[in-house]
Amino acid sequence: MSEHHPLDLPEDHPFGPHTLPYGVFSTADDPTRRRIGVRYGDHVLDLDALAATSGSPHADLLAAPTLNPLLAAGRETWQAVREAVRTAVTDPAHRAATESLLLPLNAVTLHLPFEVADYVDFYASEHHATNVGRIFRPNADALTPNWKHLPIGYHGRAGTVVVSGTPVVRPDGQRKAPADTAPTFGPSRRLDIEAEVGFVVGTPSALGEPVGLAGFRDHVFGVCLVNDWSARDIQAWEYVPLGPFLGKSFATSVSAWITPLDALDHARTAPPARDVPVLPYLDDSDAEPGGIDLRIQVDINGETVARPPFSAMYWTAAQQLTHMTVNGASLRTGDLYASGTVSGPEPDQLGCLLELTQGKGPFLEDGDEVTLTAWAPGPEGSRIGLGEVTGRIRPARTS
Ligand SMILES: O=C(O)/C=C/C(=O)CC(=O)CC(=O)O
Ligand SMILES: [Ca+2]
Ligand SMILES: [Mg+2]
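Positions within a chain are numbered from 1, following the residues in the order the chain's sequence is written. Here chains are named by letter from A upward and ligands by number from 1 upward, in the order in which they appear as written. Restriction of local features to residues with pLDDT of at least 70 applies here, the model being predicted, together with a cutoff of 80 or more for giving and counting side-chain atom pairs; totals for whole chains, interfaces and linings are based on all residues.

Named according to an unreviewed UniProt entry, the protein chain is fumarylacetoacetase originating from Streptomyces paromomycinus. As recorded by UniProt, the Pathway (unreviewed entry) comment attached to the protein chain reads in full: "Amino-acid degradation; L-phenylalanine degradation; acetoacetate and fumarate from L-phenylalanine: step 6/6." UniProt positions are given in the numbering used here, feature names are shortened, and annotations may be inferred rather than shown by experiment.

Below you can see the structure in the form of structure tokens.
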């Protein structure tokens, strides 16, 4: 790879021509001007400039300061833009022009790439749900009776979704251990992570019109990495009977790069066998394989603590989308839904510290830095990189 030819990448580079994820960036000389870019190698291709200089029919969409107009434009446009970008980075005839529009990754600031509309978090790993059920409800069945009949989820707080790199302040709140007689107020002592995969909705749907399993590809634009920071002590005390609230809503971090669904075609895989029959609207036995072979890595302060496999998820993203709309609830451009904590069957495949330490801790300390990365197999032996989502813990306001 030559310094002078940033378009020449080694074949196994995770941000090669098969990946092409979208983000939003600014530069130091024009810090308030946010622009759409595509990551290629260790560079960002300025898509606003590319579209303007190449007379693209999509120049208006690509001149926006967020991905939302592109998300709303629908699948045909997503495919046309992706094809144009691929041509720009691979066709020798475009080489000189494209190279002039590349910025080194370390010379840009990355921003939250889309305006988050609604945010939903699911609970789709059987391993995670079983482990957490045992820890939180030792005297009950690990899986609740509904678990294999529907993808359980809750509506979260869209306004506190932050981009990778944003520091996370340890939340204050009410904590009450089982042995305490009364709750106390103060910093969470059981601050945790949840390694998840997020799905970004592009095409909206109409109120009252459910989206079937086959609608997944038309509505979902792409995928990001998610860390659903969770304060286990606040959560355990507050969430019966209505579910997660302040124990989760203080921050949810997402990767700066959104990987188009089409980049993950090669990674599609059958979900695990389901041992309980589902209702017809969730039955995906005749659908395209709903699983995705994504390999996640969880690092804390530079040390790898887990490798959760996304392919082990019981419920698929298509089933989650279908379930989310089956009551007639509509989708909005920019909706984000997260898979739920990704945990596999092995002890080194668990997606949160609660499971990794069997409920005992240690949990996160001030100053700890958590980084999730992931990749998926691509065509011809290539790798599709999903970028990273990272965040460092800052001390609580009260400390
Ligand atoms: O089972 C419980 O009581 C709690 C579960 C969680 O905290 C997990 C959650 O937020 C959903 C997920 O990410 O899988
Ligand atoms: Ca979660
Ligand atoms: Mg959270």
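So that's the structure; there's more coming.
In this section: the overall build of the protein chain. Of the regular secondary structure elements, the protein chain holds 11 helices and 24 strands. A compact globule built from 399 residues should have a C-alpha radius of gyration of about 21 Å, and the protein chain, at 21 Å, falls within 12% of that. Taking all 399 residues of the protein chain together, 46% fall into the buried category. Sequence separation of at least 24 residues holds for 76% of the intrachain contacts in the protein chain that already meet a minimum separation of 6. Each helix is a run of DSSP H or I of at least 4 residues and each strand a run of E of at least 2, with the numbering of both proceeding from the N terminus. Note on method: radius of gyration uses C-alpha positions; expected globular size equals 2.2 Å times residues raised to 0.38. Any residue surrounded by 20 or more other C-beta atoms within 10 Å of its C-beta is treated as buried, while 12 or fewer makes it exposed and the intermediate range makes it partly exposed; C-beta atoms here are placed from the backbone. Residues are defined as contacting one another if the C-beta atoms placed from their backbone atoms lie within 7 Å.

Before going further, it helps to examine the sheet that holds strand 5 (residues 108-111). The strand order across the open sheet built from five strands is 4-3-2-1-5, with neighbouring strands paired in antiparallel fashion. Of all strands in the sheet, those bounded by a partner on one side alone are strand 4 (102-104) and strand 5. Across this sheet, the average inter-strand angle for adjacent strands is 45°, counted without regard to direction. The pairing of strand 1 (residues 22-27) with strand 5 spans four bridges and is classified as antiparallel. Across the sheet, residue Val24 finds its bridge partner in strand 5, namely His111. Paired strands, as defined in this entry, are two strands with at least two bridges between them according to DSSP. Between N-to-C directions, angles cover 0 to 180 degrees, with each direction set by a line fitted to C-alpha atoms, over the stretch in contact for helices.

Let's shift gears to the site of ligand 1. If you check the shell around ligand 1, you find 13 residues, and the closest are Tyr123, Val132, Phe136, Gly340 and Thr341. A total of four residues in the shell around ligand 1 trace back to one element, the largest contributor, which is helix 6 (residues 126-136). Residue type decides the class: Asp, Glu, Lys and Arg count as charged, Ala, Val, Leu, Ile, Met, Phe, Trp, Tyr, Cys and Pro as nonpolar, and the leftover types, Gly among them, as polar. Considering only residue class, the shell around ligand 1 consists of four nonpolar, five polar and four charged. Nearness here has a simple definition: the residue's C-beta atom, placed using the backbone, must lie within 6 Å of the molecule or strand.

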